[in-house]
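# Chains, contacts and geometry: an overview
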Amino acid sequence: MTRHYAGAQIHTLRTGQGLTQGEMARKLGISTSYLNQLENDQRPLTVTVLLQLTRVFGVDASFFSPDAQHRTVRELADLLPGIDDAELTDFAVRFPDVAKHVLEIPTLIDASFANPHITIRDLFQAHGNYFDDLDTAAERFASHAPSRQLRLTKLAAVVDRERGFHVRFNQYDTGPRSTVDLKAREIRLRSGLTEAQQCFELSYHYGLIAHGAEIDGHLAGLGSGGDQRARELGRHGLAQYFAAAATMPYRDILAAAEETRYDIDVIAARFGTGFESTCQRLGTLQRPGERAAPFFFVRTDRAGNISKRQTSTSFHFAQRGGTCPLWVVHRAFETPNRVTRQVSVMPDGRAYLWVARMVQGPAVGFGAPRQEHAVALGCDIAHADRLIYADGLDLSPQSATPIGPGCETCPRTACPQRAFPAASPTHPG
């Protein structure tokens, strides 16, 4: 069995309980120096200490799992309701390859489970939502226009000079934001776009034209034939990734994030981008040696349908059914044009800081409904003090709002918002 280190989780648990290392060590029956070594990942977590932690502090064993392993345990819990988390954790630790294949069983039984959107989502998650070759290439492309002044004009000149594609602006009033005519070698942009949106669309097509080989390389493992739809979605998603990285270059947005303590509105104003696109870009800043705070990003509608999700760490999004009605994303619809905050705790004991805001699409005419979503950005409570949104909040797990992955798999029996019983083991609400 591989060694397992859980320093960050132990530190989060101890500080959340308001304990010193000496106080926690006494509760666990171990020395302070040994606990210090565990917290600093100098010693692996043993089964004996793990059992003491779960018994003394009443948290599930999965709380101390690494992020990838934690995702596996939560997905196994969805697939195998009724089996205790401790058993699933032990199974995932001892037999990781078997656990991976167990999760693939639905796909083998019914090909309809092979959703191309899930395939590409898993591809991004496997990379921690960071693609170094595309990100650095986008940063080089953006360096031709180091400031926002004349940025669009300068980048259009690069596309023309390097790739022989002429950029034409305000070409039509309705339809897609941009199109490309390979025969005429033109990139055509719709009217009514902001400067940042035009920059994004231009960069999107440049990414496909100049870095198609790198994009296809990331999709090589998808095969062909039945995976064609997944390949199309993958090319689109990776080209969008390149465009976001060119519009908000890595080092520039990382510096802005650290300087402002991740104040999303201030960062968005600096780059001329929207709240949603800024949140999504912040969730990709995981370059080795230059990492930002690890975030989860999600976009949902009023009915709780998740249309976008990404995570550079671990958060248990529901695989089916609706989202938890106590989650802050639903409250965001009640407070348009204002950021809503929430400290939440999942059934496994992991606590998170979330910020959410309602965003609207453009007006399309009198009487026509506007597109409305709630966008949320979250991080583990251990990183909360890096964010301006933590100021003035009680970050202790005891004061957090209990939420879950969705009623179908949530084990909280006493939740006042439960829509129907869950099939998984019960936890107090």
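The present account deals with the structure reproduced in this document.

Conventions and cut-offs
Residues numbered from 1 in each chain as written. Predicted model: local features only at pLDDT ≥ 70, side-chain atom pairs only at ≥ 80, totals over all residues. Heavy atoms only, no water. Salt bridge = Lys/Arg side-chain N within 4 Å of Asp/Glu carboxyl O. Helix = DSSP H or I, 4+ residues; strand = E, 2+ residues; numbered from the N terminus. Buried < 20%, exposed > 50% of the residue type's maximum accessible area, 1.4 Å probe, protein only. Disulfide = S-S within 2.5 Å. Phe/Tyr/Trp six-rings, centres within 6.5 Å; stacked < 30°, edge-to-face > 60°.

This part takes up the pattern of salt bridges. For the structure shown, the criterion picks out 21 salt bridges. In this structure, Asp-135 engages Arg-281 in a salt bridge whose closest nitrogen and oxygen atoms are separated by 3.0 Å. With Asp-135 in helix α10 (residues 132-142) and Arg-281 in helix α17 (residues 275-282), this pair connects stretches of sequence that are 146 residues apart. Residue Arg-281 is classed as buried on the basis of its relative accessible area of 2%. When the shortest N-O distance is used, the salt bridge between Arg-261 and Asp-391 registers 3.0 Å. Of the two residues, Arg-261 is situated in the loop between α15 (250-260) and α16 (264-271) and Asp-391 in the loop between β10 (372-380) and β11 (401-402); the sequence distance between them amounts to 130 residues. Since its relative accessible area comes to 28%, Arg-261 is described here as partly exposed. Look at Asp-391 and you get partly exposed, because its relative accessible area is 38%.

All chains considered together, the criterion is met by 0 disulfides. Of the cysteine sulfurs around Cys-407, a residue in no disulfide, the closest is that of Cys-415, at 6.4 Å. Look at Cys-407 and you get buried, because its relative accessible area is 13%.

As a further point, take the environment of Thr-54. Locating Thr-54 in the fold gives a position in helix α4 (residues 47-57). Assessed through its relative accessible area of 19%, Thr-54 is described here as buried. As for Thr-54 and Ala-86, which are separated by 32 residues in sequence, their C-alpha atoms are 9.7 Å apart.

Looking now at unusual backbone geometry. Residues other than glycine seldom take positive phi values, yet Asp-41 does so here, at roughly 55°. Mapped onto the fold, Asp-41 is located in the loop between α3 (32-39) and α4. For Asp-41, a relative accessible area of 39% gives the class partly exposed. Here Asn-337, not a glycine, exhibits a phi torsion of approximately 65°, which is positive.

Okay, the packing of aromatic side chains next. Tallying each qualifying case throughout the model produces 10 aromatic pairs. When the ring of Phe-141 is compared with that of Phe-242, the centres are 6.3 Å apart and the planes differ by 35°; the resulting orientation is tilted. Residue Phe-141 is found in helix α10, and its partner Phe-242 is found in helix α14 (residues 228-247); the two are separated by 101 residues along the sequence. Of the two residues examined, Phe-141 and Phe-242, each falls in the buried class. Ring geometry for Phe-296 versus Trp-354: centroids 5.7 Å apart, planes at 35°, classification tilted. Taken together, the residues span a long stretch of sequence, with Phe-296 in strand β6 (residues 296-300) and Trp-354 in strand β9 (residues 351-360) at a distance of 58 residues. Overall, the relative accessible area of 0% leaves Phe-296 in the buried class. Using a relative accessible area of 0% as the deciding quantity, one classes Trp-354 as buried.

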